[in-house]
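Architecture and fold: a report
Residues per chain, in single letters:
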Amino acid sequence: MDWDAQVVTVSGPHVPATEGSADSPQVVVQQFQQFVRTFQDARHDFIYRDQLTQHAALKNYSLTVDLTDLRRYGSGELAERLETNPEKYLPLFESGVASAVLLPAPDQPSRYQVILKDDKQSRPVRTLGSADVGKLVLVRGIVLSTSDVKAKATTLTIACRNCMNTKVIPVHWGLGGARFPRQCDGSAQQPGRPGQQKCPLEPFVVLPDRSEYADSQLLKLQELPEEVPTGEMPRHLRCAVERESEAITLQ
Ligand SMILES: [Zn+2]
């Protein structure tokens, strides 16, 4: 089995012919998968699929990607999407990386962590404004303090306390939380079930044993001294780092 054999298929997302819209999640996941498998650097090395093979052998489920490479790939559309809406496209990139592995281990997670690096000029912290909310930005600063490393849920399994209907809900990354549905749509709500009580409003409770967690840490980042105008106080950002990035900051 090799990377170039077109006949090899993996358990990646299947794209039905009728659902081929250019930015459906399945199509985007496949585009990211193709980037990982086919990108060649200036020396014609397949740097990402080689990195993936090395990491998979070590059970390291992360991939470090240079954004400059992604900008050069194809029409640069994938990089543009990632930079303008990382909350939507980074998880798709991470699914694409996982699906690019040819022989996935049975315990491989459904998403690899993608660690992005970039050599473009960083932005001074104080130039960040409302137009940057939700976008990918590059800033430099000094880490003033760090919180303890905590386990943060990445997905929660919740159950209705009346009918035990369970759901898996995603948790927003960074400082975000999760939103529980207010109403249960379990079987007790269906007609023709006279013996069962109707579920009350907000019936869901978390099942901690069936939820997934990742390491998470908060940092206080101060802008660089040379970016502070004379006579002004330095500004701070609160940053959340997760999964493998947390290990990097501790070094
Ligand atoms: Zn219920």
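As a reminder, the structure under discussion sits directly above these lines.
Please read all numbers here as calculations on a predicted model, not as lab measurements.

On to the overall build of the protein. The helix and strand tally for the protein stands at 6 helices and 8 strands. Listing the helices and strands of the protein from first to last along the sequence gives α-α-β-α-α-α-β-β-β-β-β-β-β-α. Across the 251 residues in the protein, those meeting the buried criterion constitute 18%.

Remark: helix H1 (residues 25-38) packs on helix H5 (residues 86-100), axes separated minimally by 7 Å, with the N-to-C direction vectors making an angle of 55°. Judged on the interaxial angle alone, H5 and H1 are oblique. Between H1 and H5 the crossing geometry is right-handed. Taken together, the residues of H5 that come into contact with H1 (itself represented by Pro25, Val28, Val29, Gln30, Phe32, Gln33, Val36 and Arg37) are Tyr89, Leu92, Phe93, Ser95, Gly96, Val97, Ser99 and Ala100. Of the residues assigned to the contact of H1 with H5, the class counts are 10 nonpolar, 5 polar and 1 charged.

Let's shift gears to the nonpolar core. Membership of the largest hydrophobic core comes to 23 residues, with the highest contact counts inside it found for Phe32, Val36, Leu52, Leu63, Phe93 and Val97. Of all elements in the fold, only H1, helix H2 (47-57), strand E1 (62-66), helix H4 (77-84) and H5 reach the threshold of two or more residues within this core. Here this core takes 6 residues from H5, the largest share from any one element. Ignoring anything within four residues of it in the chain, the contact list for Phe32 reads Leu78, Leu92, Phe93, Gly96 and Val97. Counting residues in each nonpolar core, the second largest holds 6 residues, with Ile158, Cys160, Cys184 and Phe204 among its members.

Taking 1.5 Å per residue as the helical rise, H1 with its 14 residues ought to reach 20 Å, and the 20 Å between its terminal C-alpha atoms agrees with that figure. Of all the positions in H1, only Val28, Val29, Gln30, Phe32, Gln33, Phe35, Val36 and Arg37 are classed as buried. In this structure, the buried residues of H1 make contact with H2, helix H3 (67-72), H4 and H5.

The next thing to look at is the environment of Pro91. Summarising the element assignment, Pro91 is placed in helix H5. Judged by the 16 C-beta atoms lying within 10 Å of it, Pro91 falls in the partly exposed class. Along the primary structure Pro91 and Pro25 are separated by 66 residues, whereas in three dimensions their C-alpha atoms are 9.9 Å apart.

On to H2, then. Of all the positions in H2, only Tyr48, Arg49 and Leu52 are classed as buried. Mapping the buried residues of H2 onto a view down its axis gives an arc of 95°, with all of them on the same face. Looking at H2, the residues exposed on the side facing more than 90 degrees away from the buried face are Asp50, Gln54 and Ala57. In this fold, the buried residues of H2 make contact with H1, E1 and H5.

The next point concerns the environment of Asp66. Inspection of the secondary structure puts Asp66 in strand E1. Since 16 C-beta atoms lie within 10 Å of it, Asp66 is described here as partly exposed. As a C-alpha pair, Asp66 and Tyr48 span 18 residues in sequence and 9.8 Å in three-dimensional space.

Attention now moves to unusual backbone geometry. One non-glycine residue, Lys59, lies in positive phi territory at about 55°. With respect to the helices and strands, Lys59 occurs in the loop between H2 and E1. At Glu202, a residue that is not glycine, the phi angle is positive and equals roughly 50°. Its location among the elements puts Glu202 in the loop between strand E5 (166-170) and strand E6 (204-206). Take Glu202: there are 13 C-beta atoms within 10 Å of it, and that puts it in the partly exposed class.

Conventions used here
- Here the residue index of a chain counts from 1 through its sequence in written order.
- Residues qualify for local features only when their pLDDT is at least 70, as the model is predicted, and side-chain atom pairs are given and counted only at 80 or more; totals for whole chains, interfaces and linings, by contrast, use all residues.
- Counting from the N terminus, the helices are the DSSP runs of H or I reaching at least four residues and the strands are the DSSP runs of E reaching at least two.
- With C-beta atoms placed from the backbone, a residue is buried if 20 or more other C-beta atoms are within 10 Å of its own, exposed if 12 or fewer are, and partly exposed between those counts.
- Every angle, taken between N-to-C directions, lies between 0 and 180 degrees, and every axis is a line fitted to C-alpha atoms, over only the stretch in contact when it is a helix.
- The scheme is simple: roughly parallel for angles under 35 degrees, roughly antiparallel for over 145, roughly perpendicular for 65 to 115, oblique for anything else.
- Should the near helix be turned anticlockwise from the far one by less than a right angle, the crossing is left-handed, and should it be turned clockwise, the crossing is right-handed.
- Contact criterion: two residues are in contact if their C-beta atoms, reconstructed from the backbone, are within 7 Å.
- Gly is put with the polar residues, along with every residue not named as nonpolar or charged; the nonpolar set is Ala, Val, Leu, Ile, Met, Phe, Trp, Tyr, Cys and Pro, and the charged set is Asp, Glu, Lys and Arg.
- Nonpolar core, as used here: buried Ala, Val, Leu, Ile, Met, Phe, Trp, Tyr and Cys residues forming one set through C-beta atoms within 7 Å.
- One less than the residue count of a helix, multiplied by 1.5 Å, gives the span that helix is expected to have.
- Working note: the arc is built from the helix axis to C-beta atom directions.

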